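Chain and residue survey
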Amino acid sequence: MVTSVSRHPLRLCSPSDVRTQREGLQRNICGKDIQQLKMPDHIDEKLKNYRTAPFDARFPNTNQTRNCFQNYLDFHRCNKALSAKDQDTAPCMWYQRVYKSLCPMSWVQKWDEQVEAGSFPGKI
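Rules of the game
- Residues numbered from 1 in each chain as written.
- Predicted model: local features only at pLDDT ≥ 70, side-chain atom pairs only at ≥ 80, totals over all residues.
- Heavy atoms only, no water.
- Helix = DSSP H or I, 4+ residues; strand = E, 2+ residues; numbered from the N terminus.
- Contact = heavy atoms within 4.5 Å.
- Phe/Tyr/Trp six-rings, centres within 6.5 Å; stacked < 30°, edge-to-face > 60°.
- Buried < 20%, exposed > 50% of the residue type's maximum accessible area, 1.4 Å probe, protein only.
- Axes fitted to C-alpha atoms, helices over the stretch in contact; angles between N-to-C directions.
- Parallel < 35°, antiparallel > 145°, perpendicular 65-115°, else oblique.
- Left-handed = near helix turned anticlockwise from the far one by under 90°.
- pLDDT = per-residue confidence, 0-100.
- Core = buried A, V, L, I, M, F, W, Y, C linked by side-chain atoms within 4.5 Å.
- Expected span 1.5 Å × (residues − 1).
- Arc of directions from axis to C-beta.

Moving on to the side chain of asparagine 71. Note that asparagine 71 resides in helix H2 (residues 65-84). Excluding its chain neighbours within four sequence positions, the residues that come into contact with asparagine 71 are Tyr95, Val98, Tyr99 and Leu102.

In this structure the tally under the stated criterion is eight aromatic pairs. Considering the side-chain rings of phenylalanine 69 and tryptophan 111, the 5.3 Å spacing of their centres and the 75° angle between planes classify their relative orientation as edge-to-face. Of this pair, phenylalanine 69 sits in helix H2 while tryptophan 111 sits in helix H4 (residues 105-117); the two residues are 42 residues apart in sequence, bridging distant segments of the chain. For tryptophan 111, a relative accessible area of 11% gives the class buried. Taken together through their ring pairs, the aromatic side chains of Phe69, Tyr72, Phe75, Tyr99, Trp107, Trp111 and Phe120 make up a single cluster.

Attention shifts here to unusual backbone geometry. The phi dihedral of aspartate 86 is positive, around 55°, even though this residue is not glycine. For aspartate 86, a relative accessible area of 73% puts it in the exposed group.

At a minimum axis distance of 12 Å, the contact between H2 and H4 shows a crossing angle of 40°. In this view, H2 runs oblique relative to H4, as classed from their interaxial angle. Crossing of H2 over H4 shows right-handed handedness. Contacts between H2 and H4 pair Thr65, Cys68, Phe69, Tyr72 and His76 from the former with Trp107, Val108, Trp111, Asp112 and Val115 from the latter.

Turning our eyes to something else, we now look at the confidence of the model for the chain. Averaged over all residues, the pLDDT of the chain equals 76, while 65% of them reach at least 70. H4 holds the highest mean pLDDT among the elements of the chain, 96, whereas strand E1 (residues 28-29) holds the lowest, 46. Per-residue pLDDT stays below 50 along residues 31-38; that stretch engages in 10 contacts with residues further than four places along the chain or on separate chains.

Now for the nonpolar core. In this structure, Cys68, Tyr72, Leu73, Phe75, Cys78, Leu82, Cys92, Tyr99, Cys103, Val108, Trp111 and Phe120 together form the largest nonpolar core, which totals 12 residues. Sorting the residues of this core by element identifies H2 and H4 as the ones contributing at least two each. It is H2 that contributes the most residues to this core, six residues altogether. Look past the residues within four positions of cysteine 103 in its chain and what remains in contact with it is Cys68, Phe69, Val108 and Trp111.

Let us look at H4. For H4, with 13 residues, the first-to-last C-alpha span of 18 Å sits near the 18 Å given by 1.5 Å per residue. Taken as a whole, H4 has its buried residues at Val108, Trp111 and Gln114. Along the axis of H4, the buried residues cluster in a sector spanning 125°; they form a single face. Facing away from the buried side of H4 by over 90 degrees, the exposed positions are Glu113, Glu116 and Ala117. Along its buried surface, H4 packs onto H2 and helix H3 (93-102). Glycine 118 sits one or two positions beyond H4 and adopts a positive phi of about 80°.

Rendered as structure tokens:
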């Protein structure tokens, strides 16, 4: 039996494995304690399984220009926020991989030059 893997972080198990709050097992998801679900491990798994940008409901149209730009902004915002807190920036790599698969490299190079020069139009 072939099952599809969902991109939602809590849907990596079958619905029968998920225990709900009503059953009194609110801390268990797929038989694991929520404390055991470490974000970096999960992100490493997502990055390892990454093929191309997943569907984003915010950008349902064929033209993915805004999706490209938003992921570029999200990557730099994430890096800035986590670096300011002296935390690992590994979660930000997801945004980088998405924008690199969506955006033409000429745009990325231009935006990188603008960020370095301080003339980038987006709010980072």
